[in-house]
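Structural description and commentary
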Amino acid sequence: MKAALGRLRTRTCFFEYISFMLILSVFLQMQSSSASEQHILDEQETINSLDAKFAELVKDTLNLWHVPGVAIAVVDGNNTWAEGYGIAKYPSTPVTPQTLFYTGSTTKAFTAAALSLLITSNPTSFPLGFKTPISSLLPSDFILQDPYLTTHITLEDTLSHRTGLPAHDFSYGGVDEKGVKRDVRDVVRSLRHLPLTRGLRERYQYCNVMFVVASYVVEKVSGMWLGDFLRERIWEPLGMRSTYFSTPAALSAPEPLAQGYVFNKSSSNHIPVPYMDTSVISGAGGTVSNVLDYAKWLRALMKCSGPISEDGYRELFKSRTLCEKDDYFIGGSVGISGYTLGWHTGVYHGHEYFQHDGEMEAFGATVIFFPSLQYGLVAFSNTVQTANAAQKTLLFSLIDDKLNVLREERFDWDEHNRKAFQEADKDYENARNRLYPNTPNPPLPPALPISSYTGTFYHPAYHNLTIALPFASAPFSHISNKLHISRLNAAWKLQMNLVHVSGEFWLSYIDSTVAPGGIFKQVVPMEFRISSEGVVREVGMDWAGENGGVGPAGGGDAGRVWFTRIDG
């Protein structure tokens, strides 16, 4: 045990050294940039780039990526421009700068900012600032499977995706056996049952759950619901009066809320997606706002103006975690990129930037700003996945114009994202060979009749999982060995079609029930365990989602979540 702890501490020191080198690398690259690269437009030169030519690009891009609408705001020095394009709600409600959208994970920056304010106003509760251990703030709630991580994970670890806990995005939400809705405290208390896949500060692992932990810290220390805290301490002081922290509040707001859609390829139609309850997601992705309010937020971030202190901004923008290319990618960036407290950061054509995406079941968001240029942009859209692809094309067209990047040197975002979606489709279609490359030929049959694998299984964090025989019209109807799971009692409503591979090893084809074909469409390996009595006692699912969110953990049994039969 002592040797293992020593290795953990060694990795911790090494990670902090590498994080320092990341900051130094960014600084040196910025210092070495030529005067021409550091071009900043005078206020008199600043013009509205959201012109008729850009409107044509928007139209073409929305059509290419099947996105109903987009709202964009540009903050350039002391000027702000905003426009809406396309459809907020079919058949004819247009997007305007006032239109509300779910902003997804761009909420994380607000959560980090809230903690910065608390650290400043409550120093006795946070004696080590962002290095304060979570366990000292939530002693009875914050417990992980590893005692060392329980006592050593800090606020900055939680806010920079380096805790060793993978995503576990399918674990939260829903109601308990008494019909009571599970809340943020339930998410925190579930951590003791969730498998870890890395050591502390070993590598970047995107984890929404840890931002829910941070949300709970704010609520425990302040005595306020996070939504009220954000409104009172950040949004109201900045004049952000069109920003909300719940679906009911957004629906009753004077500003119109966009309808989210998923594009159906077979019918070439946009299908509306029900508005979701974001309460359990909280500070990981619970904000609803418009681009006009986010423009105010961008200006405060770039000017480092109130309500956050100068020292607070310095902490928020300090890199903590290295990101590999597969974790995070900005075409045209140089050097290495990192994650601060709620922001990705790197260098683009000689200029440091801070950026974050947001993805929900039927909404996409992109926020990016360049402090040295006093230039920031935000885009919100109302469809799943391809919204962010369209936003990259549009925002980086504006950024490249701002930086006078030569046409032949500009990154082709459309081509990049086309290939990325094609690769994802290929991985999905080739899942059997990719996830089980060495199965016997012919494959081993299941040990028991298929009906013996049905039943209800339980995990203390993921709760119930009911496996049934598939209905007649289910996918993969041509395959004899198959099962079905309908998982509706959770934040993300899912259906799974289980297909036998060999022996007790299967594949689970997962998709959203409300927004099919989007961010939850994936294939993961799974396994059944049979007792000596010839009864299926356990089922293991690769649901941890190691790096970028939901998806296979890639760590073998370390990332597998085991459910135990509870129906006999």
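1. Details of the overall build of the protein
In terms of helices and strands, the protein carries 15 helices and 21 strands. Burial statistics for the protein: of 568 residues in total, 56% are counted as buried. Counted over contacts in the protein with a minimum sequence separation of 6, partners at least 24 positions apart contribute 65%. Accessible area of the protein: about 23000 Å², with a carbon and sulfur share of 54%.

2. Details of the nonpolar core
The biggest cluster of nonpolar side chains holds 158 residues, and the ones touching the most others in it are I72, W297 and W543. In this structure, W297 is in contact with A109, F110, A113, I234, L238, M240, I308 and W343, ignoring residues within four places of it in sequence. Core analysis: the second largest hydrophobic core is formed by 8 residues, A431, V501, Y509 and V523 among them.

3. Focus: helix α8 (residues 208–222)
With 15 residues, α8 should reach 21 Å at 1.5 Å per residue; the first-to-last C-alpha distance of 21 Å fits that figure. Along α8, 12 of the 15 residues are buried, which leaves the element largely enclosed by surrounding structure. Regarding α8, the residues found buried are N208, V209, M210, F211, V212, V213, A214, S215, Y216, V217, V218 and E219. Phi for G223, located one or two positions after α8, is positive at around 75°.

4. Topic: the sheet that holds strand β20 (residues 536–541)
Around the barrel, which closes on itself, the 8 strands sit in the order β14-β15-β16-β17-β18-β19-β20-β21 with antiparallel pairing between neighbours. Neighbour-to-neighbour, the strand axes of this sheet turn through a mean angle of 30°, independent of strand direction.

5. Section: the pairing of strand β17 (residues 494–502)
Across the 9 residues that make up β17, a large majority, 8, are buried. Summarising the sheet, strand β16 (residues 482–487) and β17 pair through 6 bridges and their orientation is antiparallel. Bridged to K482 within β17 is V499. In textbook terms, the turn of a hairpin is the stretch between consecutive antiparallel strands, and for β16 and β17 this stretch comprises 6 residues. Both β17 and strand β18 (residues 505–512) contribute to a ladder of 8 bridges, which runs antiparallel. Note that in β18 the partner of M496 across the bridge is I510. Counting the residues that bridge the hairpin from β17 to β18 gives 2 residues, and of these G503 lies at a positive phi of roughly 60°.

6. Some details on the pattern of salt bridges
Taken as a whole and assessed by the stated rule, the structure comprises 28 salt bridges. In this structure, R314 and E310 form a salt bridge, with 3.6 Å as the shortest nitrogen-oxygen distance. With R314 and E310 both in helix α12 (residues 310–316), this residue pair falls 4 residues apart, about one helical turn. For E310, a relative accessible area of 58% gives the class exposed. Close ionic contact of E538 with R529 constitutes a salt bridge, the shortest N to O distance being 3.2 Å. With a relative accessible area of 23%, E538 lands in the partly exposed category.

7. Let's talk about the pairing of strand β5 (residues 261–264)
Both faces of the sheet carry side chains from a regular strand, because those side chains alternate between them. The pairing of β5 with strand β6 (residues 269–272) spans 4 bridges and is classified as antiparallel. Along β6, the bridge assignment pairs Y261 with P272. Here β5 folds back onto β6, and the loop between the two strands holds 4 residues, one of which, S268, carries a positive phi near 55°.

8. Description of the side chain of T345
With respect to the helices and strands, the residue T345 is situated in strand β10 (residues 344–348). A relative accessible area of 2% places T345 in the buried class. Here the side chain of T345 touches Y353 through a polar contact of 2.8 Å, landing on its backbone oxygen.

9. Some remarks on empty space enclosed by the protein
Across all of its chains, the model carries 1 cavity of 30 Å³ or more by this definition. Counted as a void, the largest cavity has a volume near 70 Å³. Lining the largest cavity are Y102, V273, P274, Y275, M276, M360, E361, A362 and F363. Its residues placed into classes, the lining of the largest cavity shows 8 nonpolar, no polar and 1 charged.

10. Some words on the packing of aromatic side chains
As enumerated under the stated definition, the model contains 36 aromatic pairs in all. Between W235 and F245 the ring centres are 6.2 Å apart and the planes differ by 55°, which places this aromatic pair in the tilted class. With W235 in helix α9 (residues 226–235) and F245 in the loop between α9 and α10 (247–251), the pair connects residues that are 10 residues apart, well separated along the chain. Overall, the relative accessible area of 7% leaves F245 in the buried class. Ring centres of Y313 and F317 lie 5.9 Å apart, and the angle between their planes is 35°; this geometry places the pair in the tilted category.

11. Some remarks on the environment of K265
Tracing the chain through its elements places K265 in the loop between β5 and β6. Separated by 199 residues in the primary sequence, K265 and H66 place their C-alpha atoms 9.5 Å from one another.

12. Concerning helix α3 (residues 107–121)
Helical geometry: 3.6 residues make up each α-helical turn, so side chains three or four residues apart lie on a common side. The terminal C-alpha atoms of α3, which comprises 15 residues, lie 22 Å apart, in line with the 21 Å expected from a rise of 1.5 Å per residue. Counting buried residues in α3 gives 13 out of 15 residues, a clear majority hidden from the surface.

13. What about the confidence of the model for the protein?
Averaged over every residue, the pLDDT of the protein is 89; the share at 70 or more is 88%. Note that pLDDT drops below 50 for residues 1–44; the model gives that stretch 60 contacts with residues more than four away or on any other chain. Under a pLDDT of 50 for its full length, residues 547–555 has, in the predicted model, 34 contacts with residues more than four places off or in other chains.

Conventions and cut-offs
Residues numbered from 1 in each chain as written. Predicted model: local features only at pLDDT ≥ 70, side-chain atom pairs only at ≥ 80, totals over all residues. Heavy atoms only, no water. Helix = DSSP H or I, 4+ residues; strand = E, 2+ residues; numbered from the N terminus. Buried < 20%, exposed > 50% of the residue type's maximum accessible area, 1.4 Å probe, protein only. Contact = heavy atoms within 4.5 Å. Areas by Shrake-Rupley, 256 points an atom, 1.4 Å probe, with all protein chains shown as cover. Core = buried A, V, L, I, M, F, W, Y, C linked by side-chain atoms within 4.5 Å. Expected span 1.5 Å × (residues − 1). Pairing = 2+ DSSP bridges. Axes fitted to C-alpha atoms, helices over the stretch in contact; angles between N-to-C directions. Salt bridge = Lys/Arg side-chain N within 4 Å of Asp/Glu carboxyl O. Polar contact = N/O pair within 3.5 Å; in protein donor to acceptor, adjacent residues only side chain to side chain. 1 Å grid on protein atoms, 1.4 Å probe; cavity = no way out; pocket = protein on both sides within 12 Å on 5 of 7 lines; lining within 4 Å. Points joined across faces, edges and corners; volume = space filled by probe spheres on them. Nonpolar A, V, L, I, M, F, W, Y, C, P; charged D, E, K, R; others polar. Phe/Tyr/Trp six-rings, centres within 6.5 Å; stacked < 30°, edge-to-face > 60°. pLDDT = per-residue confidence, 0-100.

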